[in-house]
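If you want the building blocks of each chain, they are given just below.
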Amino acid sequence: MEPNPCLACGACCASFRVSFYWAEADAAAGGVTPTELTTVVSPYRVAMRGTDQVHPHCIALAGEVGTQVHCRIYQQRPSPCREFRASWENGERNETCERARARYSLPPLAPALSTVK
């Protein structure tokens, strides 16, 4: 099994605004993302703090982009993070992943070689 490339990357967490519906935050019934780690961007949307900056960097991202990273709130992360897929995960290229990696001079991920029997 290939290691998860995201554990040595984190470029997406330090490249884009992570905005989502406010009710995903734990201040709302059923919400799970820590409200104190969010900032209001509109009446119905919040963003992870740090991702609404000119040079985004999610407050929940720990470690060094491109070396070793982890999300401090992985089990409580919002839907944009849950839905984001690394390029070639599920066999599909993700141009957004590749754009984030390029921002940190990281090469695009390669498709996994399938073994044919």
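Coordinates for the structure precede this section.
Just so it is clear, the structure is predicted and the values come from calculations on it, not from any experiment.

**Student:** Run through unusual backbone geometry, naming residues and quoting values.
**Tutor:** A positive phi angle, near 75°, is found at W88, a position not held by glycine. Within the fold, W88 resides in the loop between α1 (79–83) and α2 (95–103). For N90, which is not glycine, the phi torsion reads 65° and is therefore positive. Structurally, N90 is set in the loop between α1 and α2.

**Student:** Got a sec to walk through the sheet that holds strand β1 (residues 19–21)? Specific residues and values, please.
**Tutor:** Strands in a sheet are paired, the pairing made by backbone hydrogen bonds, and the direction either parallel or antiparallel. Judged by pairing direction, the sheet is antiparallel, and its three strands sit side by side in the order β1-β3-β2 without closing on themselves. A single partner strand is all that each edge strand has here, and the edge strands are β1 and β2 (38–40). Here the strands of the sheet are splayed against their neighbours by 40° on average, with no regard to which way each runs. Inspection of the sheet shows β1 paired to strand β3 (residues 45–48) by three bridges, in the antiparallel sense. Bridged to S19 within β3 is A47.

**Student:** Tell me what's going on with a nonpolar patch on the surface, and back it up with residues and numbers.
**Tutor:** On the surface, a cluster of nonpolar side chains totalling about 360 Å² of accessible area is made up of Y21, W22 and Y44. Within the secondary structure, Y21 sits in strand β1. With relative accessibility at 41%, the residue Y21 sits in the partly exposed group.

**Student:** Before we move on, can you summarise the pairing of strand β5 (residues 68–71) with the specific residues and values?
**Tutor:** The two faces of a sheet get side chains in turn, since along a regular strand they alternate between them. In this sheet, β5 lies alongside strand β4 (residues 61–64) in antiparallel orientation, the contact comprising four bridges. Bridged to G63 within β5 is V69. As consecutive antiparallel partners, β4 and β5 are separated by three residues, and within that stretch G66 has a phi angle of approximately 85°, a positive value.

**Student:** Lay out α2 in plain terms, naming residues and giving numbers.
**Tutor:** Where α2 is concerned, the buried positions are C97, E98, A100 and R101. Considered in projection along α2, the buried side chains sweep an arc of 160° and stay on one side of the axis. Of the exposed residues in α2, the ones pointing more than 90 degrees away from its buried face are E95 and R99. Immediately downstream of α2, the backbone of S105 shows phi near 60°, a positive value.

Definitions and cut-offs
Residues numbered from 1 in each chain as written. Predicted model: local features only at pLDDT ≥ 70, side-chain atom pairs only at ≥ 80, totals over all residues. Heavy atoms only, no water. Helix = DSSP H or I, 4+ residues; strand = E, 2+ residues; numbered from the N terminus. Pairing = 2+ DSSP bridges. Axes fitted to C-alpha atoms, helices over the stretch in contact; angles between N-to-C directions. Patch = residues over 30% accessible without salt bridge, like charges linked within 9 Å, V, L, I, M, F, W, Y side chains within 5 Å. Areas by Shrake-Rupley, 256 points an atom, 1.4 Å probe, with all protein chains shown as cover. Salt bridge = Lys/Arg side-chain N within 4 Å of Asp/Glu carboxyl O. Buried < 20%, exposed > 50% of the residue type's maximum accessible area, 1.4 Å probe, protein only. Arc of directions from axis to C-beta.

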